[in-house]
Amino acid sequence: MKQLLTGDEAIARSAIDAGVCFASAYPGTPSTEILQELAAQSDKIYAEWAPNEKVALESAIGAAIAGSRAMASMKHVGLNVAADPFFTNAYTGIGAGLVVITADEPGMHSSQNEQDNRHYAYHANVPMFEPSNSQECYDMMQTAFELSETFDVPVLIRMTTRVCHSKSIVELKEPKSKFNIPFKKNQEKYVTVPAIARQLRINLLQRNEKLKKYSIATAYNYAEMYDTAIGIVASGVCFDYAKEIFMENASYYKVGFSHPMPLDNIKEFASKVDKLYVLEENDPIMETMIKSYGIQAIGKELFPTEGEMLPERIRLAFYGEELSGPKHSLEDVPPRPPTLCAGCPHRGLFYALGGRDGLFLSGDIGCYTLGYAPPFNAIDTVTCMGASISSAHGAQKIFDMFDSKMRAVAIIGDSTFLHTGLNSLMSVAYNNSKVVTIILDNRITAMTGGQHNPGTGFNASMGDAPIADLTAIAKALGIKHIKTVNPNMLDEVEQALDWAVSLDEASVIITRWPCVLKKMTESDNTEFTGAYTEKYTVDEDACSSCAICLSAGCPAISVDNDTMLASINDSCVGCSICAQICPSEAIVLKEDN
Amino acid sequence: MSVKNIMLVGVGGQGTITASKLLTNVLMDAGHDVKMSEIHGMSQRGGSVSSQIRYGENVACPVIELGSADLLVAFEKLEGLRNLAYLKTDGAVVVNDFRIDPVGVLAQTAEYPPNVIERIARCVDTTVVAAYDLALEAGEAMTMNVVLLGALAKRMEMAPDEWEDAIKKNIKPNYVDVNLRAFHLGYTN
């Protein structure tokens, strides 16, 4: 059967057809849809959202040791969080097959960095596949489980945005049934005390030698010979890009199984072509291996290391020109960056924070990172998931040490707080730091498209789940001052901020209102009665043309260039922030709504 | 046939992803090899978005190279202008006569350039669609994306039946009728 699937969908479909019993993940672009697809088929597979990637991988390791095929999928930076179990699981190996999927983001479409996670395969001595398209995602996923069981090792599949989110036609195979190899106690294999780990380390290195032979033999690594003036070694989507540009004017060596590298094969390929080029997105990993094996090649001298290796960039680097399109100027075309939605419940908070001085605004990963942008300018730093609270803590200690009046404020979403913010808040309480932590509880994991989390009351398959109570958690961690506010009520927000900065101890403010894009649940409808059912409009007679409403930074509000009169478009959902800041009371509820 | 390239561009939230799903399904059912690439995630929050669709006998790569698109469908006119460089010199544009102000324009730190459609039409063969009005006529402003698909189908000289099947298969049952109306309004106007 043939289907048009994204790479993410192909991975999920393949997991089901490979008889995988357990899948765990934390949402992260571009990997989110893998677990989402699996969770939608809860009759065929157990799939769950974990609070973070470390928990996801550790859970999958447990499932594999208990004897059934298991997987964990994550975005590239997620593997940093999961790196601890990843490295040591390479020592112990598995019971039944275990596959880890990393979805890297060359070009950083929705990420804070561009790290190349192929390094992890080398670093942890774990074998790695790099699919180029959806068919390869499907096929390699199945082979990865077989390889994992043959060599008793977790296997890494490295995808990139273009592989995850591109669709191509996939030929599906006959599904395998689920199986379980009953767990047998085996301390010499699974208990990594130093005496045992030393032996496991030797085994790991020996296994790597065997994997080199697999790499030479596997059909995922192959040469395609056409014109031999140019020889190209490529992996992942770069292979497709290269074929698009060079067609039959070059020969290709496709690296589908990329750790360990099939270096002898590449040496042979190199001997058949006049000049060898290495095409890989981000770091020169294959290139370094090839050159250090004594093979002459050209790589990053010519091709870019940053960003995506898009076809036009390959053409420009190689031929010194781009295809020419229609001639026109973009000089006066303004950029269109992402922005907080009309009605976003974060708006009220950022409006209030942006108007204050003397705050160090420590941000985190989520839609609310957009609070950094004008008109709010209300984020001073963003590093990684959970860092808002811990970095605010470090900053506050220094402010106090040098008698600065500055107050550190951490701004973190509900899902991100439960991901890794919780440990940081524990440190704030434990180390007696007067950080103000604001948890933006919009009742969902919003930026990745609305996934449930331990705070929302639903699991990945929309079954009922206990609700992690943020107030109770903060209290249990040792925070004494906790307040919950409606972020759409500016007075409430301002008062809470005044209250928090007046304290000489740590405090937590929870802004609780559902994401405007959230599919409301029954309990949301009860708790947030009337949310997003109204619209506001401008009473032009009352409008004083002051344009203060623009400081709400709302995509529903604009001001006429000539008359300076405000107007509100159809995307308004009635959060009322603009009405609250209008000094002329000119913004009023729309009656005929 | 040689590989054809179609690019859908617009603003996050306009339904380009649903539109590209319908288009790729129609093309696959017509027997083509199809590849499609799009970016999800942060850009969906009101930022510029694009879907790239390639079809033919044998498609190597899922993304469209600058200067090689046959058709550019702009769900918002400024996005059409922004992405013109993806077109071949003899490519064509289907543009929605619809304006969404970028955040800088709303905040009056930037200006929405004048005569956007005229500037596009000066460069390439251009079909202008009043998709918002037609979507309202169909009964639902949200069907603007399917109105544009109707116009695209017409421009591609494809018969409407396969599209109707794709709409019935891929759209939630309650919304099928309004989307079929939207498609036909786009096709015939």
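Residues numbered from 1 in each chain as written. Chains lettered and ligands numbered in written order. Predicted model: local features only at pLDDT ≥ 70, side-chain atom pairs only at ≥ 80, totals over all residues. Heavy atoms only, no water.

This next bit is on the pattern of salt bridges. Counted according to the given criterion, the structure contains 39 salt bridges over all chains. K254(A) is the partner of E136(A) in a salt bridge, and the nearest nitrogen-oxygen pair spans 2.9 Å. Of this pair, E136(A) sits in helix α7 (residues 134–151) while K254(A) sits in strand β11 (residues 251–255), and the two are 118 residues apart along the sequence. You can call E136(A) buried: its relative accessible area is 13%. The residue K88(B) makes a salt bridge to D70(B) at a minimum N-O spacing of 2.7 Å. Placement of the pair is K88(B) in strand β5 (residues 87–96) and D70(B) in strand β4 (residues 69–74), with a sequence separation of 18 residues. Given the relative accessible area of 15%, D70(B) is considered buried. A cluster of three or more residues bridged by salt bridges with shared partners is formed by D104(A), D116(A), R118(A), E130(A), R158(A) and E280(A). (Salt bridge = Lys/Arg side-chain N within 4 Å of Asp/Glu carboxyl O. Helix = DSSP H or I, 4+ residues; strand = E, 2+ residues; numbered from the N terminus. Buried < 20%, exposed > 50% of the residue type's maximum accessible area, 1.4 Å probe, protein only.)

Glancing now at the pairing of strand β3 (residues 48–56) of chain B. Residue and element names in this part refer to chain B. Within β3, seven of the nine residues are buried, leaving the element largely enclosed by the surrounding structure. Pairing analysis gives eight bridges linking strand β1 (residues 4–11) to β3, with the strands arranged antiparallel. Bridged to G10 within β3 is V49. Across six bridges, strand β2 (residues 33–38) lies against β3 in antiparallel orientation. Looking at the pairing, S37 lines up with Q52 of β3. (Pairing = 2+ DSSP bridges.)

This next bit is on the interface of chain B and chain A. Bring the parts together and some accessible area is lost; that lost area is often taken as the interface size. Of the residues lining the interface, 56 residues belong to chain B; the matching set on chain A comes to 59 residues. For the pair chain B and chain A, the two sides together bury roughly 4,700 Å², of which 60% comes from carbon and sulfur. Where chain B meets chain A, there are five salt bridges. Across the pair E65(B) and R315(A) runs a salt bridge, and its minimum N-O distance is 2.4 Å. Where the side of chain B that touches chain A is concerned, the elements lending two or more residues are α1 (16–29), β2, β3, α2 (77–82), β5, α3 (103–106) and α4 (116–123) of chain B. When residues of the side of chain B that touches chain A are assigned to their parent elements, the largest contribution, six residues, is made by β2(B). (Contact = heavy atoms within 4.5 Å. Buried area = accessible area lost by both parts, 1.4 Å probe.)

The next point concerns the nonpolar core. Residues and elements named next belong to chain A. Ranked by internal contacts, the top residues of the largest apolar core, which has 62 residues, are L38, M71 and I232. Both domains that furnish three or more residues to this core are identified here as domain 1 (2–217) and domain 2 (221–319). Among the nonpolar cores identified, the runner-up in size contains 46 residues, and I379, V493, A496 and V508 belong to it. (Core = buried A, V, L, I, M, F, W, Y, C linked by side-chain atoms within 4.5 Å. Domains from an automatic or database assignment.)

All names here are of chain A. With domains assigned, chain A is organised as domain 1 (2–217), domain 2 (221–319), domain 3 (347–527) and domain 4 (536–589). Listed as interface residues are 11 residues of domain 3 and, on the opposing side, 12 residues of domain 4. Taking both sides of the interface into account, the surface hidden between domain 3 and domain 4 amounts to around 850 Å²; carbon and sulfur atoms contribute 65%. Taken as a group, R347, Y351 and N488 account for 58% of the area that domain 3 buries against domain 4, more than any other trio of residues on that side. The interface formed by domain 3 and domain 4 holds zero salt bridges in total. The interface formed by domain 3 and domain 4 holds four residue pairs in polar contact (both at pLDDT 80 or more) in total. (Polar contact = N/O pair within 3.5 Å; in protein donor to acceptor, adjacent residues only side chain to side chain.)

So, about the sheet that holds strand β18 (residues 507–512) of chain A. Residues and elements named next belong to chain A. With respect to topology, five strands assemble into an open sheet ordered β14-β15-β16-β18-β17, the strand pairing being parallel. Looking at strand neighbours, the two that pair on one side only are β14 (359–362) and β17 (481–485), the edges of this open sheet. Taking the axes of each pair of neighbouring strands and ignoring which way they run, one obtains an average angle of 20° across the sheet. As paired strands, β14 and strand β15 (residues 407–413) are joined by four bridges and run parallel to one another. Paired with L361 across the bridge in β15 is V409. Contacts between helix α17 (residues 414–430) and the sheet are confined to β15, β16 (436–441) and β18, with β15 contributing the most and set at about 140° to the helix. Running over the sheet, helix α19 (residues 490–502) touches β14, β15, β16, β17 and β18 and is turned about 170° from β17. (Axes fitted to C-alpha atoms, helices over the stretch in contact; angles between N-to-C directions.)

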